[in-house]
Amino acid sequence: MRSIEWVVEIPPARLGPRIVSPEWHASGSRIRIGRVLRLEELKAGLPVGKLGLELHFYPSLGSTNDRAAELARAGAPEGTLVVADEQTAGRGRSGRRWHSPAGSGLALSLVLRPTTLGSREIAAIGLIGAMGSIEALAEYGMQPELKWPNDVLLNGAKVGGILAEASWTGSELDHVILGIGLNVSAAPFPEVEFPATSVEQSLGRPVPREALLLRVLAATDRWYARLIDGTAHPEWETRLAYRGKRVAISNGKGERVGVVLGLTPQAGIRMAVEGDEQVVFESGAYRLRPL
Ligand code: BTN
């Protein structure tokens, strides 16, 4: 099987996308779950605000985050979008694997260059992707929630995850890659520690992935603007899962138990730990487990 790599530039004036350099690359034969993403529909909806001025679309790719980082290092502008129909080496947080079979979900990465943000706000970029996904899913009548730091839940099961990776030159931020993965149609691969679901499993009807992707971009663009103008907090608390409930929080070194209170402006979580001491855990390598 051969597949095409489209590199598409969307001019800001919406004059229509221009294919810059189609290249060919080989891809092994794999099982396809649904139809391939319709590139024409994506192109017709782009750009969305600041996002998707340039689109790099791949029927099959290792990881969209890895490709977006390569493009960012080569000077790709803010808002560059990488989309893959299938990922063969998709990555999750803490070195975990993210499964993206062909035709089954959304796997996308954005190049962001938030030069006006301080380092603590940059840590909140993952949350922006989660809130963008949550807001887009809510537009279908579902009630998604945020499992801090940046997982997306539907009916208490994980439907999506975010991998935000910042790159610095000394103390100066070069770029952040915001990777978003959503299970749309496939029976998802459950994480060892947490149940998983898909959008269509939860909603009970098919959801065209192109329209969902464009909605995720539009909502992520709005949340990115809120982060930059300082208005993301406290609104992002409204979707927080386990508020007022007991959870265990761990970072691989140890575990503490407490009640979830809310979020901080820098996307940390506030918890009443072991009694009533209020502790803030900064966004990082933490994981929550409902009790
Ligand atoms: C997690 O839940 O641990 C985060 C999963 C992030 C998956 C997305 S899919 C698009 C982008 N490319 C990757 O390799 N990972 C992210």
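Refer to the preceding data block for the structure.
No experiment lies behind these values; they were computed from the predicted model shown. (Residues numbered from 1 in each chain as written. Predicted model: local features only at pLDDT ≥ 70, side-chain atom pairs only at ≥ 80, totals over all residues. Heavy atoms only, no water.)

Participant: I tried to follow the site of the ligand on my own but got confused; where do I start?
Facilitator: Surrounding the ligand, one finds 20 residues, the nearest of these being Ser63, Gln87, Arg91, Arg93 and Lys158. Ser63 places a polar side-chain atom, nitrogen or oxygen, 2.7 Å from an oxygen atom of the ligand. Lys158 is positioned with one of its side-chain polar atoms (N or O) 2.5 Å from an oxygen atom of the ligand. Put simply, the parts of the chain that give the shell around the ligand at least two residues each are α2 (64-73), β6 (105-112), β9 (157-169) and β10 (172-183). Considering each element in turn, the shell around the ligand owes the most residues, four residues, to β9. When its residues are assigned to classes, the shell around the ligand shows six nonpolar, ten polar and four charged. (Near = heavy atom within 4 Å. Polar contact = N/O pair within 3.5 Å; in protein donor to acceptor, adjacent residues only side chain to side chain. Helix = DSSP H or I, 4+ residues; strand = E, 2+ residues; numbered from the N terminus. Nonpolar A, V, L, I, M, F, W, Y, C, P; charged D, E, K, R; others polar.)

Participant: Looking at this structure, how should I read the nonpolar core?
Facilitator: Counting residues in each nonpolar core, the largest one holds 67 residues, and the members touching the most others are Val83, Leu212, Leu217, Trp236 and Ile269. In terms of domain composition, this core takes at least three residues from each of domain 1 (2-235) and domain 2 (242-290). For Trp236, the residues in contact, after removing those within four places along its chain, are Ala124, Leu127, Ile128, Met131, Leu146, Trp223, Leu227, Leu263, Thr264, Pro265 and Ala267. (Core = buried A, V, L, I, M, F, W, Y, C linked by side-chain atoms within 4.5 Å. Buried < 20%, exposed > 50% of the residue type's maximum accessible area, 1.4 Å probe, protein only. Domains from an automatic or database assignment. Contact = heavy atoms within 4.5 Å.)

Participant: Please explain the layout of surface pockets as it appears in this structure.
Facilitator: Where empty space is left becomes clear once a probe the size of a water molecule has been rolled over the atoms. Of the volumes computed, that of the largest pocket is approximately 260 Å³. Those elements that provide at least two residues to the lining of the largest pocket are α3 (119-122), α4 (125-138) and β9. In terms of residues, the lining of the largest pocket owes the most to one element, β9, which gives five residues. Counted by class, the lining of the largest pocket contains ten nonpolar, six polar and two charged residues. (1 Å grid on protein atoms, 1.4 Å probe; cavity = no way out; pocket = protein on both sides within 12 Å on 5 of 7 lines; lining within 4 Å. Points joined across faces, edges and corners; volume = space filled by probe spheres on them.)

Participant: I keep staring at the side chain of Glu237 and nothing clicks. Help me out?
Facilitator: Considering the arrangement of structural elements, one finds Glu237 in the loop between α6 (209-229) and β11 (246-250). Within the structure, the side chain of Glu237 is placed 2.6 Å from the backbone nitrogen of Leu263, a separation counted as a polar contact. Sequence-distant contacts of Glu237, defined by excluding residues within four places in its chain, comprise Arg243, Gly262, Leu263 and Arg270.

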